[in-house]
Amino acid sequence: MDIYQLLHSHLGNALRRRAFKSPWTYRILRQAVAAQKKHYPWQAAHRLLLNTIDQTAAAFLQKGPVVWHNVFFPVEILYGLGAIPFAPEAAAVVATGLGIGGEALRRAESDWVSSEACSFHRLAHGCDREGYFPPPGAVVCSSHLCDTAPQSLATVAAYHEVPFYLLDVPHRQDAAALNYVARQLKSITFSLVASLSLEWEGERFQEAIVHSNAARERLLAVNRLRQQHPACIRGEEAHSFIYPMLAGFGAATSVEVYGQLAAELGRRYREQRRAVPEEKARLLWLHLRPYYPNTIFHLLEQEAGAVVVFEEMSHVYWQPLDPERPFYSLARKVLSHHGLGPMSRRIAAILSMVDAYKAGGVIHFAHWGCRQSTAGLRLLQDALREREIPFLNLEGDCVDQSKYAPGATRTRLEGFLETLL
Ligand code: SF4
């Protein structure tokens, strides 16, 4: 039983806004999930779910200052300050699973939020205004990659009348850019300390940096195991572990989850357990996937034996952080993102993933409204064509189910599979 079925079965019609603010909700949910432990094929996924419930409970029950952030902001800072990070894009995924996406999107539309904007942020807007999200004590946002987040999160801060801090990230990666970003990170950190009346604890801040490095090491171990042939984890399963990449670096719990996943993967490889009975093709997945019920991965992996062996979102693009120079090394991490700057950086990173994971084909999920991911696709397509690697640009929406056309999607996937198999 998945988390959403569990929520519905345990809360039934009581699943209302106030249920999110009740400690009973999380107690019941935690107990129910804990009792299901042996039914989870991956114990790391079970651990991740328990951690996510705890973090969600902390945010909704306001157990500390809640700081909203976009998924590209270096959250090590928030963990280092002892704040509770809350990523509205990630929460939009949960809202989709709970079936409140339609209501939230309608609310955004009635508030004149443009339907041209990314639906993660439209949905988050609706959830926030309808009272489904915990109110922030402050909002932080990075300007790199996503052009919707800065506007969307500035609006959230204004609506809740809380401070908003924007990290302005240039497109260059030189020494001046590094210093510019590092100075801002330091200033944002101490502004949060002041505005949220936090205690500055240098040791805790360093600990977050150490946790981030440890999680990175374990994720690298996971990724190395996923390069082996044949795959022993399906892409659909592996996608569940993207959450720590978006909101978990700096937390001890992410170290635990990736460590457990690496151990389970290692064991399965030794036992020669396969992701699918016969691996007929290996695929690389770019950007995110749809989070409402759909048959895309089932068709690819279980029907056709084309396993998604890696997803771009799990790519470790940065060097280890230096606990002695936290702001400088976090700035270096931000500037290292392969999607920042000229498209040639992203293309080079994707080609290196194709080689490392021995992918015979690439699928990009073109989420509606996401310009950073879709704008340079023609150049990517040309680069892949030069290497004779089949490419599919699958248009859709990650959270707006009304945009999903199962028949047309199947036809496109089947056409693509014909070029591969
Ligand atoms: S999908 Fe694209 S536009 Fe939407 S939040 Fe993510 S990066 Fe921003």
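Higher on the page you've got the structure.
From a predicted model like this one, the values you see are computed outputs, not experimental measurements.

A. Just the sheet that holds strand S2 (residues 84-86), in detail. If you trace the four strands from one edge of the open sheet to the other, you get S2-S1-S3-S4, paired in parallel fashion. Pairing within the sheet leaves two strands with one partner each, and these edge strands are S2 and strand S4 (164-167). In this sheet, adjacent strand axes meet at a mean angle of 25 degrees when their direction is disregarded. Here strand S3 (residues 138-142) runs beside S4; their pairing, made up of four bridges, is parallel.

B. The environment of Ala-263, seen in detail. Along the polypeptide, Ala-263 turns up in helix H14 (residues 252-270). Relative accessible area serves as the criterion here: at 41%, Ala-263 is assigned to the partly exposed category. Sequence separation between Ala-263 and His-46 is 217 residues; the distance between their C-alpha atoms is 14 Å.

C. Structural view of the packing of helix H15 (residues 296-303) against helix H20 (residues 406-420). At a minimum axis distance of 10 Å, the contact between H15 and H20 shows a crossing angle of 30 degrees. By the angle between their axes, H15 is roughly parallel relative to H20. In this structure, H15 crosses over H20, and the sense of that crossing is right-handed. Of the residues in H20, those in contact with Ile-296, Leu-299, Leu-300 and Glu-303 of H15 are Thr-409, Arg-410, Leu-413, Glu-414 and Leu-417. Of the residues contributing to the contact of H15 with H20, the split by class is five nonpolar, one polar and three charged.

D. Up close: the pattern of salt bridges. By the definition in use, this model includes 21 salt bridges. Measuring nitrogen to oxygen at the nearest pair gives 3.1 Å for the salt bridge that ties Arg-107 to Asp-111. Judged by relative accessible area, Arg-107 falls into the partly exposed class, the value being 25%. The partner of Arg-172 in a salt bridge is Asp-174, with the nearest N and O atoms 2.9 Å apart. Linked by salt bridges that have partners in common, Arg-107, Asp-111 and Glu-130 make up one network.

E. Molecular detail of the packing of aromatic side chains. Applying the stated criterion to the full structure yields 18 aromatic pairs. Aromatic pair Phe-86 and Phe-133: ring centres 5.2 Å apart, planes at 70 degrees, arrangement edge-to-face. You can see Phe-86 sitting in strand S2 and its partner Phe-133 sitting in the loop between helix H8 (119-129) and S3, a full 47 residues away along the chain. Its relative accessible area of 9% is what places Phe-86 among the buried residues. Their ring planes at 85 degrees and their centres at 5.3 Å tell us that Phe-249 and Trp-318 sit as a pair that is edge-to-face. A residue pair is termed long-range when its members are at least 10 positions apart, and Phe-249 in the loop between helix H13 (243-247) and H14 and Trp-318 in the loop between strand S6 (306-311) and helix H16 (326-336) qualify at 69 residues. For the pair Phe-249 and Trp-318, one class covers both residues: buried. Grouping aromatic residues by their ring pairs yields a cluster made of Phe-20, Tyr-26, Phe-60, Trp-68, Phe-86, Tyr-132 and Phe-133. When the ring centre of Trp-24 is taken as reference, the NZ or CZ atom of Arg-27 above it lies at 4.7 Å. Here the guanidinium or amino end of Arg-325 rests over the ring plane of Tyr-328, the centre of that ring lying 4.0 Å away.

Calculation rules
Residues numbered from 1 in each chain as written. Predicted model: local features only at pLDDT ≥ 70, side-chain atom pairs only at ≥ 80, totals over all residues. Heavy atoms only, no water. Pairing = 2+ DSSP bridges. Helix = DSSP H or I, 4+ residues; strand = E, 2+ residues; numbered from the N terminus. Axes fitted to C-alpha atoms, helices over the stretch in contact; angles between N-to-C directions. Buried < 20%, exposed > 50% of the residue type's maximum accessible area, 1.4 Å probe, protein only. Parallel < 35°, antiparallel > 145°, perpendicular 65-115°, else oblique. Left-handed = near helix turned anticlockwise from the far one by under 90°. Contact = heavy atoms within 4.5 Å. Nonpolar A, V, L, I, M, F, W, Y, C, P; charged D, E, K, R; others polar. Salt bridge = Lys/Arg side-chain N within 4 Å of Asp/Glu carboxyl O. Phe/Tyr/Trp six-rings, centres within 6.5 Å; stacked < 30°, edge-to-face > 60°. Lys NZ or Arg CZ within 6 Å of the ring centre and 35° of its normal.

Honestly, that's just the spatial picture; any functional story needs more than this.
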